[in-house]
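Residue strings, one per chain:
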Amino acid sequence: MIDLAVLISGNGSNLQAIIDAIAAGLPAKIKLVISDKAEAYGLERARLAGIPTVVIAREVYPNRKSFDLALQAALDKYQPNFIILAGFMRILGPEFVEHYPNHILNIHPALLPKYPGLNTHQAVLTAGDPLHGATVHVVTNDLDQGPIIAQASIAVDPKEDSTSLQAKVHRLEHRLYPWVISLLAADRLQLTAKGIFLDGQALPNHGLQLNEMDKVRSLS
Ligand code: GRF
C-alpha cells in the first residue's frame, strides 16, 4: 500500500481515474488533494470520494518560493510516498523538487521529449505527426524533461481537430497513470538517482509502453 498526494489545478479527470482504480483494488491511498485554484472541479471529485482537500491559492503568496513552502508544509503533514501531479499548472521551484527527489511524478499530454509545455495537441497536428500520446515522468528541475517512466501512444488521424485529439489522449492518460501507480504500489518500479528500474531492470529512455501492459503484468 502506498500513500499519495495528488496536485491539481482543474477538471481532475486523471485524479478521478486514480480514485476509480483504487476503488477497483489498486493498493494505494490518496491522503490529500491539493489545488492551487479554489474553483478546480477536481476538488469536488476528491470531496465526493472522502479525500481531504487543501487549496493553496497562488494569488495569496507573493512569490513562487513562499507558495512552494506552503505546499511543502501541507504535504509534509501527510508524508505521502509519492506526489502525483495531475494537471497541476504551476511550475515547482528547485528547492521544492529537491526536497522530494524521485518522488514527484507528472503526466504530460505528448510523447516526450517531443512537445514539452502547452498546446501539445495542436502542435502535433501542425507538424503532421503520425503518432501522439501521453507520458508519465519523474519531475526534475527541467520542465517536462525528467526521466520517462511510461508512455501511451495513438495514431493521429490528420483530419481530426485538436479537441478530439485531446479527448483521445485523455482516455489514454486515464489508463496510463493508474498503471504506473500500480507498479509503484507493487514495489516493482524503482525511481532512483541512477535511473528507473522495473523488476530490477533499467528502463529504456522512452520508458514502458502502455501496450506492454499485459506483458509486464504477466511477469508478476
Ligand atoms: C492532462 O492532459 C495532463 O496530461 C495535463 O493536464 C491535463 C489535466 O487534465 N498535465 P485533468 O485535470 O486530469 O482532467
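In case you missed it, the structure is sitting above this.
Because the structure is a prediction, the values reported are computed rather than measured. (Residues numbered from 1 in each chain as written. Predicted model: local features only at pLDDT ≥ 70, side-chain atom pairs only at ≥ 80, totals over all residues. Heavy atoms only, no water.)

Draft legend 1. Main features of unusual backbone geometry. At the junction of Leu-112 and Pro-113, the peptide bond is cis and its omega measures out at 10° in the coordinates. Residue position: Pro-113 is located in the loop between strand 5 (104-108) and helix 5 (120-127). Positive phi outside glycine occurs at Asn-102, with the angle close to 60°. Tracing the chain through its elements places Asn-102 in the loop between helix 4 (94-99) and strand 5. Even without glycine at this site, Asp-144 takes up a positive phi of about 60°. Inspection of the secondary structure assignment puts Asp-144 in the loop between strand 6 (131-138) and strand 7 (148-155). Look at Asp-144 and you get buried, because its relative accessible area is 10%. (Helix = DSSP H or I, 4+ residues; strand = E, 2+ residues; numbered from the N terminus. Buried < 20%, exposed > 50% of the residue type's maximum accessible area, 1.4 Å probe, protein only.)

Draft legend 2. Representation of the pairing of strand 2 (residues 28-35). The element strand 2 is extensively covered by neighbouring structure, given that six of its eight residues are classed as buried. Relative to strand 2, strand 1 (residues 2-8) is paired through seven bridges, and the arrangement is parallel. Each residue of the ladder has a partner; that of Leu-7, found in strand 2, is Ile-34. Remark: the strand 1/helix 1 (residues 13-23)/strand 2 crossover connection has right-handed handedness. (Pairing = 2+ DSSP bridges. Right-handed = clockwise from strand over helix to strand, strands pointing away.)

Draft legend 3. Layout of the sheet that holds strand 1. An order of 3-2-1-4-5-6-7-11 is seen for the eight strands of this open sheet, with the pairing classed as mixed. In this open sheet, the two strands that pair with only one neighbour each are strand 3 (53-55) and strand 11 (208-209). Each of strand 1, strand 2, strand 4 (82-85) and strand 5 touches helix 1; the most contacted strand, strand 2, lies at about 160° to it. Contacts between helix 3 (residues 64-78) and the sheet are confined to strand 1, strand 2 and strand 4, with strand 2 contributing the most and set at about 160° to the helix. (Contact = heavy atoms within 4.5 Å. Axes fitted to C-alpha atoms, helices over the stretch in contact; angles between N-to-C directions.)

Draft legend 4. Up close: the layout of surface pockets. Estimated volume of the largest pocket: approximately 970 Å³. What lines the largest pocket is a set of 40 residues, and nearest its centre among them are Gly-87, Phe-88, Met-89, Pro-109 and Leu-118. At the level of elements, helix 1, helix 4, strand 5, helix 5 and helix 6 (162-185) are the ones that each hand at least two residues to the lining of the largest pocket. Among the elements that line the lining of the largest pocket, the one with the most residues is helix 6, at six residues. (1 Å grid on protein atoms, 1.4 Å probe; cavity = no way out; pocket = protein on both sides within 12 Å on 5 of 7 lines; lining within 4 Å. Points joined across faces, edges and corners; volume = space filled by probe spheres on them.)

Draft legend 5. Up close: the pairing of strand 5. Burial analysis of strand 5 places five of its five residues in the buried class, which makes it a mostly covered element. In strand 5, alternate side chains face the same way, and those of Ile-104, Asn-106 and His-108 on one face and Leu-105 and Ile-107 on the other are all buried. In this sheet, strand 5 lies alongside strand 4 in parallel orientation, the contact comprising three bridges. For Ile-83, the partnering residue across the bridge sits in strand 5 and is Ile-104. In this fold, strand 4 hands off to helix 4, which returns the chain to strand 5; that crossover is right-handed.

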